[in-house]
Protein chains: 2
Amino acid sequence: MFIKNLPHKTVERLSQYRRSLLMILSKEKTHVFSHEIAQMLHITPVQVRRDLMLIGYSGNLRKGYDIKELIELIGKIIDSERGQRVAVIGLGNLGKAIISYFKGKRSKLAIIAAFDINPEKINRVYDGVACYHINQMAEIIKQNNISIGIIAAPAQQTAEIAEALVLAGIKGILNFTPKALNVPPFVYLEEYDMITSLEKVAFFAKKNDERFK
Amino acid sequence: MFIKNLPHKTVERLSQYRRSLLMILSKEKTHVFSHEIAQMLHITPVQVRRDLMLIGYSGNLRKGYDIKELIELIGKIIDSERGQRVAVIGLGNLGKAIISYFKGKRSKLAIIAAFDINPEKINRVYDGVACYHINQMAEIIKQNNISIGIIAAPAQQTAEIAEALVLAGIKGILNFTPKALNVPPFVYLEEYDMITSLEKVAFFAKKNDERFK
DNA sequence: TAATATTTGTTTAATTATTCACATTGCTAA
DNA sequence: TTAGCAATGTGAATAATTAAACAAATATTA
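A quick note: this is a predicted structure, and the numbers were derived from the prediction, not measured.

What counts and how
Counting of residues starts from 1 at the beginning of each chain's written sequence and follows it residue by residue. Note on labels: chains are lettered from A, ligands numbered from 1, in written order. Given that this is a predicted model, residues contribute local features only at a pLDDT of at least 70 and side-chain atom pairs are listed and counted only at 80 or more, while totals for whole chains, interfaces and linings are drawn from all residues. As a convention, hydrogens and water are excluded, and side-chain values are obtained from all of the structure's heavy atoms. Where each domain starts and ends follows an automatic or database-derived domain assignment. Put simply, DSSP H or I for four residues or longer makes a helix, DSSP E for two residues or longer makes a strand, and each gets a number counted from the N terminus. Buried residues are those whose accessible area, probed at 1.4 Å on protein chains only, stays under 20% of the maximum for their type, while exposed residues exceed 50% and partly exposed ones sit between those limits. By definition in these notes, contact holds between two residues if any of their heavy atoms fall within 4.5 Å. Here a residue is considered near a molecule or strand provided that any single heavy atom belonging to it is located within 4 Å of it. Two N or O atoms count as a polar contact when they lie within 3.5 Å, although within protein this holds only if one can serve as hydrogen donor and the other as acceptor, and sequence-adjacent residues are included solely when both atoms are side-chain atoms. A pocket here means an open set of points on a 1 Å grid, computed over the protein atoms alone, that has protein on both sides within 12 Å along at least five of seven lines. A cavity is instead a set of points where a 1.4 Å probe fits but cannot get out; residues with an atom within 4 Å of a point line either one. Grid points are joined across faces, edges and corners, and a volume is the space filled by probe spheres set on the points. The classification used treats Ala, Val, Leu, Ile, Met, Phe, Trp, Tyr, Cys and Pro as nonpolar, Asp, Glu, Lys and Arg as charged, and all other residues, Gly among them, as polar. Reported buried area values correspond to the accessible surface (1.4 Å probe) lost by two parts on association, with both partners' losses combined. Definition used for salt bridges: Asp or Glu carboxyl oxygen within 4 Å of a side-chain nitrogen of Lys or Arg.

A few points about the domain arrangement of chain A
Part 1: In terms of domains, chain A is made up of domain 1 (8–77) and domain 2 (84–195).
Part 2: Just the C-alpha atoms count here: the centres of domain 1 of chain A and domain 2 of chain A sit 30 Å apart.

Pasting the structure below:
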């Protein structure tokens, strides 16, 4: 399914729509209105309708959108037809959290390997995911056609890990360490730092508090 | 320090600037140019200069910005003078990851309590943070003047937890569960879902891959 | 001392993202 | 049958964000 240049924010929201739709889908509820989706995600109904317009989906004027159909369509757009395989680098608390949290959630996107340097973790299976030593990364990644890496290791090692991932042929990286990375343009990079999120909350909480006093 | 209506994105970047500056600050390196900051964070130097302009900071034309001064100024703007206290709800892998990761990182923002329902965790100290039973939340939060809550619990319980947090007088919530919350307008809410991030990476990785083929 | 190079600070322009406004549709019911 | 209502779909307007462009400043060097 080709839709040219979907905006970044729309892609994010499509993922959120699907997530929400999967939660409300049931025998009784087969259709949903834009304002219902909007309410679930704290956005406006227009936003929803515009996003659906961008992916060329039309709803029913009286019943709203067919939940099942919409879930499928979003899948066709944001998932890769042949599926994508994911590796987690760093099997500490964060790595484990990611694996457990993600388990069985998406059929087209599966975490199939973890890497660490701790001998106690290597060659064991955590929550269905096998853990290997970091220096087997290139090998395992190529063997299993893994195209996405999630870095959940301590910050110091981030740069070398990223370099190794790129060399191994990875196509996208999600970096949870606070160390910003440099990757070539053909690798998509997304960085998330909890501290930034928390500081943002702290800032606006403070501000809100002053305003509502 | 009052600066009227700093854009959301600027607030985020200020946090990132400080993080990066803290990493490079040393005896040898006391000043930094806008393009250096920009490079560390994959943004443009103009962006950096504009943000610094918004917070009223002036650099030295030849030496760039005084790192120490800038760190301090950012602190004055985004930190609360009297500090803010944080609680983590859910002491599973994610909760633990957050606590370890955050430990000692910021003086004005401290995680001082965790809540869970697992008896094995309650009344123990994890990484310097005491864990209490969830039904003690209101009490502990008020006692310790905790103003920010991080929800890292299983998705099902998210709504009640949030409600309890709001009732206990919390001012900001960072929600890591995939369940979107509803909170009153005087509580600042930030939601982050790993799956959305991962799916975004997957989508653009796929797209990139097609483009660079 | 004058020319050059480099960097900041800021105005203006461009781009991206969101919302408004409203035509259109189709069901309901008077 | 027609008026009213509640949705969708979308062009146009607005808002937010980012980038371009360039004047001003100042150290360096020819």
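After that view, the rundown keeps rolling.
A short note on the side chain of B:Ser80
Part 1: Checked against the element boundaries, B:Ser80 lands in the loop between helix 4 (67–78) and strand 3 (84–89).
Part 2: Residue class for B:Ser80 comes out buried when judged on its relative accessible area of 14%.
Part 3: Non-local contacts of B:Ser80, meaning those with residues more than four positions away in its chain, are made with A:Lys206 and B:Lys108.

A short note on the protein's contact with DNA strand C
Part 1: If you check the shell around DNA strand C, you find 24 residues, and the closest are A:Leu61, A:Arg62, B:Ser34, B:Arg50 and B:Gly59.
Part 2: When atoms of DNA strand C within 4 Å of the protein are split into backbone and base, the sugar-phosphate part holds 55%.
Part 3: Separating a base oxygen of DNA strand C from a side-chain N or O atom of B:Arg62 is a distance of 2.8 Å.
Part 4: Of all elements in the fold, only helix 1 (8–24) and helix 3 (45–54) of chain A together with helix 2 (34–41) and helix 3 (45–54) of chain B reach the threshold of two or more residues within the surface near DNA strand C.
Part 5: No other element matches helix 3 of chain B, which puts four residues into the surface near DNA strand C.

Some words on the layout of surface pockets
Part 1: Taken as a whole, the second largest pocket encloses approximately 940 Å³ of empty space.
Part 2: The wall of the second largest pocket is formed by 39 residues, among which A:Lys206, B:Asp79, B:Ser80, B:Glu81 and B:Arg82 lie closest to the centre.
Part 3: Breaking the lining of the second largest pocket down by element, the ones donating at least two residues are helix 8 (194–211) of chain A together with helix 1 (8–24), helix 4, strand 3, helix 6 (137–143) and strand 7 (146–151) of chain B.
Part 4: Broken down by class, the residue content of the lining of the second largest pocket amounts to 12 nonpolar, nine polar and 18 charged.
Part 5: Residue-level mapping places the lining of the second largest pocket at the junction of two domains, with at least three residues from each of domain 1 (8–78) and domain 2 (84–195) of chain B.

Re unusual backbone geometry
Part 1: Its identity as a non-glycine residue notwithstanding, A:Asn145 has a phi of 55°, on the positive side.
Part 2: Residue class for A:Asn145 comes out partly exposed when judged on its relative accessible area of 43%.
Part 3: A positive phi angle, near 65°, is found at B:Asn123, a position not held by glycine.
Part 4: Its location among the elements puts B:Asn123 in the loop between strand 4 (109–116) and strand 5 (125–126).

Here we look at the interface of chain A and chain B
Part 1: Each partner contributes to the interface: chain A provides 74 residues, whereas chain B provides 74 residues.
Part 2: Three residues, A:Tyr101, A:Leu198 and A:Glu199, lead the burial of chain A against chain B; their summed loss comes to 11% of the area buried on that side.
Part 3: For the pair chain A and chain B, the interface holds 12 salt bridges.
Part 4: Residues B:Glu190 and A:Lys200 are paired through a salt bridge, measuring 3.4 Å at the closest nitrogen-oxygen approach.
Part 5: Linking chain A with chain B are 32 residue pairs in polar contact (both at pLDDT 80 or more), by the criterion used here.
Part 6: When residues in the side of chain A that touches chain B are grouped by element, the largest group, 17 residues, is from helix 8 of chain A.
Part 7: Its residues assigned to classes, the side of chain A that touches chain B shows 39 nonpolar, 16 polar and 19 charged.

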